[in-house]
Every structure is written in structure tokens, then in C-alpha cells.
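# Residue-level structural notes
Read off the chains here:
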Amino acid sequence: MMHDISLINVDECAKETDDCSAAAICKNTHGSYDCACKPGYSGDGWSCMDDDECVLGERTCSADALCTNTKGSYNCKCKPGYSGDGWSCMDINECTERLSNCSTDAVCNNTKGAYNCSCKPGYSGDGQTCEGEFVRAQKTLQDIHDDQPKNISEGL
Ligand SMILES: [Ca+2]
Ligand SMILES: [Ca+2]
């Protein structure tokens, strides 16, 4: 009787009576079946573990992208300041794209992944706020004036 059963080719895979891992592909064989982990997973087919491609270095993300591990695969996303699909990332030129927050009295300099603003000659500030020499001189005078009562109170 045992011999007869082995002759019947039961497709355990199609019947879903196999005990392969959910992350495995079931392959029917004559009288039995075999389990093999899906691409992106490692194991014997009955136990399959997701490969962390980001850590294993198997990723093909752009050097200017961030890798995120997913079950069975991974994702690439361009770093801030870059645009693209994650496999190909291009620097965003914030200056020509008018995405910078530079002062109108500043010069915008595009850099890889970012940009910077520097005040035009005759202006000073952080690039996002630039003040002309005259405005600055007035402000300095105002600051001195504002500081006077405070200085007096501190002195007492
Ligand atoms: Ca993965
Ligand atoms: Ca840029």
C-alpha cells in the first residue's frame, strides 16, 4: 500500500498542503515537493529570512540616495537636495530652480545636495538676510541706544 501512495503524484504546491515558508516558492516533484526561498530571501526554503540589501551592500542605489530595506527587496530614495528615482539622482540647482531662500541682496551658489547664499559686496549677513552698510550703521546706533538703559540697570 505504501508503494502505491508514492506512485500518486500529489501536487502539494497546488493543493497548498506544503509547509514551505511564505517567502518561498514551492516546486512539485514526483511524489514530493521542494521549497526554495524567493529572490531577496535566504534560507532552506522552509525558513526564509529577508536579506537586508542595504547592509549587505547588494544595493544598486545611487551614491546620493538612501537605502531602505523592505521584505524581499529594498528601496532607494534620493537624498534631500537631489531629484531622481533613487537609482539615478541629480543635484537640484536651487539657484536656477528658484528654490533658494537667499536674500535678494545675496548671491546664490549651488552645491551638490545643497546651496549657499552669500551677501553681495557692500552687504553683510548670513545670506538669507543681508543688510546694506548704511542700514547696518543705523541699526548699530539703534542697538547702542537700546542697550543704554539696560547697561545702567546692570551697573546698579
Ligand atoms: Ca530586503
Ligand atoms: Ca544643489
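Residues numbered from 1 in each chain as written. Chains lettered and ligands numbered in written order. Predicted model: local features only at pLDDT ≥ 70, side-chain atom pairs only at ≥ 80, totals over all residues.

## Looking at the overall build of the protein chain
Operational definition: Counting from the N terminus, the helices are the DSSP runs of H or I reaching at least four residues and the strands are the DSSP runs of E reaching at least two. Partly exposed residues are those falling between the two cut-offs: more than 12 but fewer than 20 other C-beta atoms within 10 Å of their own, whereas 20 or more means buried and 12 or fewer means exposed, with C-beta atoms placed from the backbone. A pair of residues counts as a contact when their C-beta atoms, built from backbone coordinates, are separated by no more than 7 Å.
A count of helices and strands for the protein chain gives four helices and 12 strands. The burial tally for the protein chain puts 22% of its 156 residues in the buried class. Summarising the internal contacts of the protein chain: among those between residues at least 6 apart in sequence, 20% fall at separations of at least 24.

## A few points about the pairing of strand β6 (residues 73–78)
Applied cut-off: A strand pair is defined by DSSP finding two or more bridges across the two strands.
Judged by which residues are buried, β6 turns out to be one-sided: Y74, C76 and C78 face inward and are buried, whereas S73, N75 and K77, on the alternate face, are not. Pairing analysis gives six bridges linking strand β5 (residues 65–70) to β6, with the strands arranged antiparallel. Looking across to β6, one finds that C67 is bridged to C76. From the end of β5 to the start of β6, which pair antiparallel, there are two residues, and G72 there has a positive phi angle of about 85°.

## Looking at the confidence of the model for the protein chain
Going by this rule: For every residue, the predictor reports its confidence as pLDDT, a number between 0 and 100.
Chain-level statistics for the protein chain give a pLDDT mean of 87 and a share of 87% at 70 or above. For the protein chain, helix α1 (residues 2–7) is the element with the lowest average pLDDT, namely 50, and strand β7 (residues 82–84) is the one with the highest, namely 98.

## Notes on the pairing of strand β1 (residues 24–29)
Here β1 runs beside strand β2 (residues 32–37); their pairing, made up of six bridges, is antiparallel. Among the inter-strand pairings, A24 is bridged to a residue of β2, identified as C37. A loop of two residues connects β1 with β2, the two strands running antiparallel in sequence, and G31 in this loop sits at a positive phi of about 85°.

## So, the nonpolar core
Spelled out, the test is: The term nonpolar core means buried Ala, Val, Leu, Ile, Met, Phe, Trp, Tyr and Cys residues held together as one set by C-beta atoms within 7 Å.
Judged by nonpolar contacts, C20, A23, A24, C26, Y33, C35, C37, Y41 and C48 together constitute the single largest core of nine residues. Ranked by residue count, the leading element in this core is β2, at three residues. If we skip the residues at most four places from it in the chain, Y41 touches A23, C48, M49, D50, D51 and G72. Ranked by size, the runner-up nonpolar core spans seven residues in total, among them A65, C76, C89 and I92.

## Topic: the environment of A14
Its location among the elements puts A14 in helix α2 (residues 12–15). Once the C-alpha coordinates of A14 and K27 are considered, the two residues, 13 residues apart in sequence, prove to be 9.4 Å apart.

## What to know about the environment of H30
Here H30 shows up in the loop between β1 and β2. The exposed category is assigned to H30, around which 10 C-beta atoms lie within 10 Å. Distance from H30 to V10, taken between C-alpha atoms, is 7.8 Å for residues 20 residues apart in sequence.

## Remarks on unusual backbone geometry
Even without glycine at this site, E16 takes up a positive phi of about 60°. Residue placement: E16 occurs in the loop between α2 and β1. For R98, which is not glycine, the phi torsion reads 55° and is therefore positive. Structurally, R98 is set in the loop between β8 (89–91) and β9 (106–111). Given 9 C-beta atoms within a 10 Å radius, R98 is considered exposed.

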